[in-house]
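A structural walkthrough
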Amino acid sequence: MTTPQTEWDAYLAQMEHLLALELDDARRAELSVQFTRIAAMAEPLLAFPLDDRVEIAGVYKA
C-alpha cells in the first residue's frame, strides 16, 4: 500500500506548520523523496502476515 505523493506533501505542510519551520522548495522536495523511500522500504515489513497468536509488541513489566 503506497501513500500517494499528495498525502506526503500534505503531511510535510502540516509538520512544517506545527513545528514552525520554514523550508525552502528544494528541502521540501528532498524530504518528500526521503519519506517516499522510507515508505517503500517499510511496505514489505508491514505486509508480512503475523499469526494471531503472535504478540505484536512486547509489554515491559518491571
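Residue indices follow the written sequence of each chain, beginning from 1 at its first position. In view of the model being predicted, local features appear only for residues whose pLDDT reaches at least 70, and side-chain atom pairs are presented and counted only at 80 or more, with totals across whole chains, interfaces and linings using the full set of residues. The side-chain quantities take in all heavy atoms of the structure and omit both hydrogens and water.

Structural notes on the overall build of the protein
Here is the rule: Labels follow the DSSP assignment, with helices taken as runs of H or I lasting at least four residues and strands as runs of E lasting at least two, numbered in each case from the N terminus. Only C-alpha atoms enter the radius of gyration; for comparison, a globular chain is expected to reach 2.2 Å times N to the power 0.38, where N is the number of residues. Note on classification: 1.4 Å probe, protein chains only; a residue is buried when its accessible area is under 20% of the maximum for its type, exposed when over 50%, partly exposed between these limits. For the accessible areas, the method is Shrake-Rupley and the probe is 1.4 Å, while residue cover comes only from the protein chains on display.
Summing up its helical and strand segments, the protein has two helices and zero strands in all. Taking 62 residues into account, the globule formula puts the C-alpha radius of gyration at 11 Å, and the protein, at 16 Å, lies well above it. For the protein, the C-alpha atoms occupy an extent of roughly 45 × 30 × 15 Å along the three principal directions. Put simply, the protein has 62 residues, and 8% of those count as buried. With the model as given, the accessible surface of the protein reaches about 5,800 Å², and the carbon-plus-sulfur share is 62%.

As for the side chain of S32
Applied cut-off: Contacts were defined at the residue level, with two residues in contact if any of their heavy atoms lie within 4.5 Å.
You can see S32 is positioned in helix α2 (residues 25-47). With residues near it in sequence (within four places) discarded, S32 still touches Q5, W8, D9 and L12.

Concerning the packing of helix α1 (residues 5-18) against α2
This is how it is decided: Fitted lines through C-alpha atoms serve as axes, helices being fitted only where they are in contact, and the angles separating the N-to-C directions of these axes extend from 0 to 180 degrees. An angle counts as roughly parallel when it lies under 35 degrees, as roughly antiparallel when it exceeds 145, as roughly perpendicular when it falls between 65 and 115, and as oblique in every other case. Take the far helix as your reference; a near helix turned counterclockwise from it by less than a right angle gives a left-handed crossing, and one turned clockwise gives a right-handed crossing.
Interhelical geometry of α1 versus α2 gives an angle of 120 degrees and a closest axis separation of 10 Å. Comparing the axis directions of α1 and α2 gives the class oblique. In terms of crossing hand, the pair formed by α1 and α2 is right-handed. Contacts from Q5, W8, D9, Y11, L12 and E16 in α1 reach R28, L31, S32, F35, T36 and A39 in α2.

Read these as geometric descriptors, not functional statements.
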